[in-house]
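# Descriptive analysis of the structure
Letter by letter, the chains look like this.
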Amino acid sequence: MKHLISTADLTRAEAIQILDIAEEMRAFGTREVKKLPALRGRTVVNLFFEDSTRTRISFEAAAKRLSADVINFSAKGSSVSKGESLKDTAQTLLAIGADAVVIRHPDSGAPARLAATDWIGLPIVNAGDGMHEHPTQALLDAFTLRRQICLREGSSPHGKGLDGLKVAIVGDILHSRVARSNLWLLNTLGAEVTMVAPPTLLPVGAASWPCTISYNLDEVIASGTDALMMLRVQGERMNAAFFPNPREYSRYWGLDDARLTTLDASGDETLIMHPGPMNRGLEISSAAADSPRSTVLDQVTNGVAVRMASLYMLLSGDLIKES
Ligand code: NCD
């Protein structure tokens, strides 16, 4: 693996390897001393051209736990706001001595461009590009699912995919890089995906995706799913009215209190997932977000482990030695 740009680039074996290494990393994260020396002396640059809370902090924590030095760069307040090009910014980072670049960018394709050109020649990790992909989010979602199901069964997650699991991805699919990255990865790992959305929030071409499309959340819940992945309604990417009003959205597409009650009454062990940040009361009610089924905070914890595994695989071929 040279870069991590899209989950569509990962083979099943590579994806499972990242999840397995992340299991080891997660175990380190529960120790009192959380540091591993694996990337000592290496420098990871977090290049964020778009707002982020958890993803940037998560990558920072991941790099630091591997003993790498971290440089955080955000476009606001930098020379990018003076019009500096991506190429000049990237080459400046190289001159500073970066060993890997984690990039979030509002334009779909910016990380792929950095990886494809000879501007810097460093491993690139896509931390979210426009409406395109967010591969580490999909990996942490798959990791969380696999771990939860194995904990329930009392089995070891190592070496396993997500074969036969039913996962529904619900909401603003049109604007969601999380949905796209999850779709490819869940397929690679053997899960069955249903996309649930209003017709206005599905992209043209979704019919050819490897998933079932549904416009009815209640039917999908009634048919039984292992996980409901709720997506944030991405107001900042909407330049038109995609649904009549917030009340109507949560009535039809939100995981509201009534649907949570239905889930609880069904006896199904359906997990409730959300990548954050949540619009409580819109795509997910507070009761659903805070319910015992919710994996929201677990996803955040697991994100650090998955990002440690990703950086480790990109930057070091060495076996992990316990310090
Ligand atoms: C997602 C993102 O930025 O794409 N959030 C995240 O990385 N935790 C999803 C979102 O913003 O809705």
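Residues numbered from 1 in each chain as written. Predicted model: local features only at pLDDT ≥ 70, side-chain atom pairs only at ≥ 80, totals over all residues. Heavy atoms only, no water.

### A look at the side chain of Arg-307
Rule in force here: Segments assigned H or I by DSSP are reported as helices when at least four residues long, segments assigned E as strands when at least two residues long, and all are numbered from the N terminus. Three exposure classes are used, based on accessible area relative to the maximum for each residue type with a 1.4 Å probe and protein chains only: buried under 20%, partly exposed in between, and exposed over 50%. Positive charges are assigned to Lys and Arg, negative charges to Asp and Glu, while His and the chain termini are left out of the count. Any carboxyl oxygen of Asp or Glu that lies within 4 Å of a side-chain nitrogen of Lys or Arg is treated as forming a salt bridge with it. Identification of polar contacts relies on pairs of N or O atoms within 3.5 Å, with a donor-acceptor requirement for protein atoms, meaning one able to donate a hydrogen and the other able to accept it, and with residues adjacent in sequence counted only if both atoms are side-chain atoms. Contacts were defined at the residue level, with two residues in contact if any of their heavy atoms lie within 4.5 Å.
In this structure, Arg-307 sits in helix α11 (residues 296-315). Within the buried core, Arg-307 has no salt-bridge partner, and the shortest N-O distance to an opposite charge, that of Asp-141, equals 8.2 Å. For Arg-307, the side chain forms a polar contact with the side chain of Ser-58, separated by 2.8 Å. With near-sequence residues (within four places) excluded, Arg-307 lies in contact with Thr-55, Ser-58, Phe-59, Ala-62, His-134, Thr-136, Gln-137 and Leu-140.

### Details of the domain arrangement of the protein
How we decide: The split of the chain into domains comes from an automatic or database domain assignment. Once two parts are put together, the accessible area they lose, assessed with a 1.4 Å probe and summed over both, is termed the buried area. Residue classes follow a fixed rule: Ala, Val, Leu, Ile, Met, Phe, Trp, Tyr, Cys and Pro count as nonpolar, while Asp, Glu, Lys and Arg count as charged, and any other residue, Gly among them, counts as polar.
If you check the domain split of the protein, you get domain 1 (7-133 + 300-316) and domain 2 (135-295). Between domain 1 and domain 2, the residue contacts involve 32 residues of the former and 32 residues of the latter. The contact between domain 1 and domain 2 buries some 2,700 Å² in all, and 58% of this surface belongs to carbon and sulfur atoms. Of the charged contacts, one joins Arg-147 and Glu-23 as a salt bridge, the two residues approaching to 3.6 Å between their closest N and O atoms. Elements that contribute at least two residues to the side of domain 1 that touches domain 2 include exactly α1 (12-29), α2 (54-65), β3 (100-105), β4 (124-129) and α11. A total of ten residues in the side of domain 1 that touches domain 2 trace back to one element, the largest contributor, which is α1. For the side of domain 1 that touches domain 2, a count of residues per class yields eleven nonpolar, ten polar and eleven charged.

### Quick look at the packing of aromatic side chains
Put simply, the rule reads: The aromatic pairing rule takes the rings of Phe, Tyr and Trp, using the six-membered ring of Trp, and pairs them if the centres are within 6.5 Å, calling planes under 30 degrees apart stacked, those over 60 edge-to-face and the rest tilted. Over a ring means this: the NZ of a Lys or the CZ of an Arg is within 6 Å of the ring centre and within 35 degrees of the ring normal.
Taken as a whole and judged by the stated rule, the model has three aromatic pairs. With 4.8 Å between their ring centres and 50° between their planes, Phe-243 and Tyr-249 make a pair best called tilted. Judged by relative accessible area, Phe-243 falls into the buried class, the value being 17%. Positioned over the ring face of Tyr-252 is Arg-251, at 5.4 Å from the centre of the ring.

### As for the pattern of salt bridges
This model, assessed by the stated rule, comprises 14 salt bridges. Across the pair Glu-50 and Arg-237 runs a salt bridge whose closest N-O atoms are separated by 3.6 Å. Taken together, the residues span a long stretch of sequence, with Glu-50 in the loop between β1 (43-48) and α2 and Arg-237 in the loop between β8 (227-230) and α8 (246-253) at a distance of 187 residues. Comparing Glu-50 with Arg-237 shows no difference in burial state: the two are buried. Residue Glu-60 is joined to Arg-56 by a salt bridge in which the shortest nitrogen-to-oxygen separation is 3.3 Å. Residue Glu-60 and its partner Arg-56 are both found in helix α2; the two are separated by four residues, about one turn of the helix. Residue Glu-60 is classed as buried on the basis of its relative accessible area, which comes to 18%. When salt bridges that share partners are traced, they join Glu-50, Arg-177 and Arg-237 into one network.

### Re the sheet that holds strand β6 (residues 192-196)
Applicable threshold: Two strands qualify as a pair provided DSSP detects at least 2 bridges between them. Here an angle of 0 to 180 degrees is reported between the N-to-C directions of two axes, which are lines fitted to C-alpha atoms, with helices fitted over the stretch in contact.
With respect to topology, five strands assemble into an open sheet ordered β7-β6-β5-β8-β9, the strand pairing being parallel. Two strands lie at the open edges of the sheet, namely β7 (212-214) and β9 (271-273), each paired on one side alone. Sheet twist, expressed as the mean angle between neighbouring strand axes with direction ignored, is 20°. Pairing of β8 with β9, which is carried by three bridges, proceeds in the parallel orientation. Paired with Ala-227 across the strands is Leu-271, a residue of β9.

### As for the sheet that holds β1
Ordered by their spatial adjacency, four strands build an open sheet running β2-β1-β3-β4, and the pairing between neighbours is parallel. The open sheet has two edge strands, β2 (69-74) and β4, and neither has a second partner. Averaged over neighbouring strand pairs, the angle between their axes works out to 15° when direction is ignored. Alignment of β1 against β2, held across six bridges, turns out to be parallel. Paired with Val-44 across the bridge in β2 is Val-70. On top of the sheet, α2 reaches β1, β2, β3 and β4; it is set at about 180° to β1, its chief contact.

### Focus on the layout of surface pockets
Quick reminder of the rule: Throughout, the protein atoms alone are placed on a 1 Å grid, and a set of points is a cavity if a 1.4 Å probe fits but cannot get out or a pocket if it is open with protein on both sides within 12 Å along at least five of seven lines; lining residues have an atom within 4 Å of a point. Grid points are joined across faces, edges and corners, and a volume is the space filled by probe spheres set on the points.
Space inside the largest pocket adds up to approximately 400 Å³. Counting residues per element, the ones that place at least two in the lining of the largest pocket are α2 and α6 (177-188). In terms of residue class, the lining of the largest pocket is built from four nonpolar, eight polar and eight charged.

### As for the site of the ligand
Put simply, the test is: One heavy atom within 4 Å of a molecule or strand is enough for the residue carrying it to be called near that molecule or strand. Computed with the Shrake-Rupley method and a 1.4 Å probe, the accessible areas treat only the protein chains shown as cover for residues. To qualify as sitting in a cavity or pocket, a molecule needs more than half of its atoms within 2 Å of the grid points.
Near the ligand, the surroundings consist of Arg-54, Thr-55, Arg-104, His-134, Gln-137, Arg-177, Val-178, Arg-232, Gln-234, Pro-275, Gly-276 and Pro-277. Arg-104 has a polar side-chain atom sitting 3.1 Å from an oxygen atom of the ligand. One of the backbone N or O atoms of Gly-276 is found 2.9 Å from a nitrogen atom in the ligand. Taken by itself the ligand offers 320 Å² of open surface, and the protein chains cover 95% of this. Mapping the ligand onto the cavity grids shows that it belongs to the largest pocket. Classifying every residue of the shell around the ligand by side-chain character gives three nonpolar, five polar and four charged.

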